[in-house]
Amino acid sequence: MDITWIKFLLMSLAIFRITRLIVFDQITTFIRAPFLMEYEETNILGQKEEYLIPRVGGLRGWIGKLISCYWCTGVWTAIGVFIFQFYFPVIMDPVILIFALAGMAAIIETIIQKLTLD
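Presented here is a report on the structure given in the accompanying data block. Here the structure is a predicted model, which is why all the values come from computation and not from measurement.

1. Focus: the environment of Val56
Phase 1: With respect to the helices, strands and loops of the structure, Val56 is situated in the loop between strand S2 (48-54) and helix H3 (58-67).
Phase 2: Between the C-alpha atom of Val56 and that of Leu36, which follows or precedes it by 20 residues, the distance is 9.1 Å.

2. Some thoughts on the pattern of salt bridges
Phase 1: Scanning the model with the defined rule gives three salt bridges in all.
Phase 2: Across the salt bridge formed by Glu40 and Lys48, the nearest N and O atoms sit 3.5 Å from each other.
Phase 3: Lys48 sits in the exposed class, given a relative accessible area of 59%.

3. A look at the packing of helix H4 (residues 70-87) against helix H5 (residues 89-117)
Two measures define how a pair of helices packs: the angle their axes make with one another and the distance between the axes.
Phase 1: As a packed pair, H4 and H5 sit with axes 6 Å apart at the nearest point and diverge in direction by 135°. If you check the angle between H4 and H5, you find them oblique. Contacts between H4 and H5 involve Val81, Phe84, Gln85, Phe86 and Tyr87 from the former and Pro89, Met92, Asp93 and Ile96 from the latter.
Phase 2: Partitioned by chemical class, the residues of the contact of H4 with H5 number seven nonpolar, one polar and one charged.

4. Description of the packing of helix H1 (residues 5-23) against H4
Phase 1: It is the contact of H1 with H4, at a shortest axis distance of 9 Å, that shows an interaxial angle of 130°. Between H1 and H4, the interaxial angle falls into the category oblique. In terms of crossing hand, the pair formed by H1 and H4 is right-handed. Here Lys7, Met11, Ile15, Phe16, Ile18, Thr19, Arg20, Ile22 and Val23 of H1 lie close against H4, whose contacting residues are Tyr70, Thr73, Gly74, Thr77, Ala78, Val81, Phe82 and Gln85.
Phase 2: For the contact of H1 with H4, the class distribution of residues is ten nonpolar, five polar and two charged.

5. Here we look at the packing of aromatic side chains
Phase 1: For the structure on display, the rule yields six aromatic pairs.
Phase 2: Between Tyr70 and Trp71, the ring centres sit 5.9 Å apart and the planes meet at 85°, which makes this aromatic pair edge-to-face.
Phase 3: Measuring from ring centre to ring centre gives 6.3 Å for Phe82 and Phe86, while their planes differ by 20°; the resulting arrangement is stacked. With Phe82 and Phe86 both in helix H4, this residue pair falls four residues apart, about one helical turn.
Phase 4: Three or more aromatic residues joined by ring pairs form one cluster here, namely Phe24, Tyr70 and Trp71.

6. Let's talk about the nonpolar core
Phase 1: In this structure, Met11, Ala14, Ile15, Ile18, Val81, Met92 and Ile96 together form the largest nonpolar core, which totals seven residues.
Phase 2: When contributions to this core are tallied by element, the ones reaching two or more residues are H1 and H5.
Phase 3: Sequence-distant contacts of Ile96, defined by excluding residues within four places in its chain, comprise Leu10, Met11, Ala14, Val81 and Gln85.

Reading the values: the criteria
Residues numbered from 1 in each chain as written. Predicted model: local features only at pLDDT ≥ 70, side-chain atom pairs only at ≥ 80, totals over all residues. Heavy atoms only, no water. Helix = DSSP H or I, 4+ residues; strand = E, 2+ residues; numbered from the N terminus. Salt bridge = Lys/Arg side-chain N within 4 Å of Asp/Glu carboxyl O. Buried < 20%, exposed > 50% of the residue type's maximum accessible area, 1.4 Å probe, protein only. Axes fitted to C-alpha atoms, helices over the stretch in contact; angles between N-to-C directions. Parallel < 35°, antiparallel > 145°, perpendicular 65-115°, else oblique. Contact = heavy atoms within 4.5 Å. Nonpolar A, V, L, I, M, F, W, Y, C, P; charged D, E, K, R; others polar. Left-handed = near helix turned anticlockwise from the far one by under 90°. Phe/Tyr/Trp six-rings, centres within 6.5 Å; stacked < 30°, edge-to-face > 60°. Core = buried A, V, L, I, M, F, W, Y, C linked by side-chain atoms within 4.5 Å.

Following this line, the structure appears as C-alpha cells:
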C-alpha cells in the first residue's frame, strides 16, 4: 500500500478529531452514557465534582473502559478509519478531509487560547 505524506497527515488529524469526539465531546454523551456511570465527590473546598467511571463487568464495562481511555479509543479509531479508507476510499476521502479540517481547527484554537490566556 502506498500512502502519501499528505494522506497520512489528513488521516492522522481525522483520527485525532474522531477520537476526541467519541471520548470527550458533549455531543456524543448519549453514546458514552450506557457504558459509563456518574460519580460525584466533594472536594476539600466543599465543591462537588463529577466523574465518569466505566461500569463494572460485562460488555458494557469493557466498552466503558475502552471509551474512557483516549489512547485505546485512538487505536480502534485508527483501525476503523484505515479499514474504511481501504475498502471505501470514495466515501472516506471527504469524511477524512472534514474531520482533518475540524482537527486542525481544534489544534489552532487550543494554541490561540493558550497564547491569549497567558
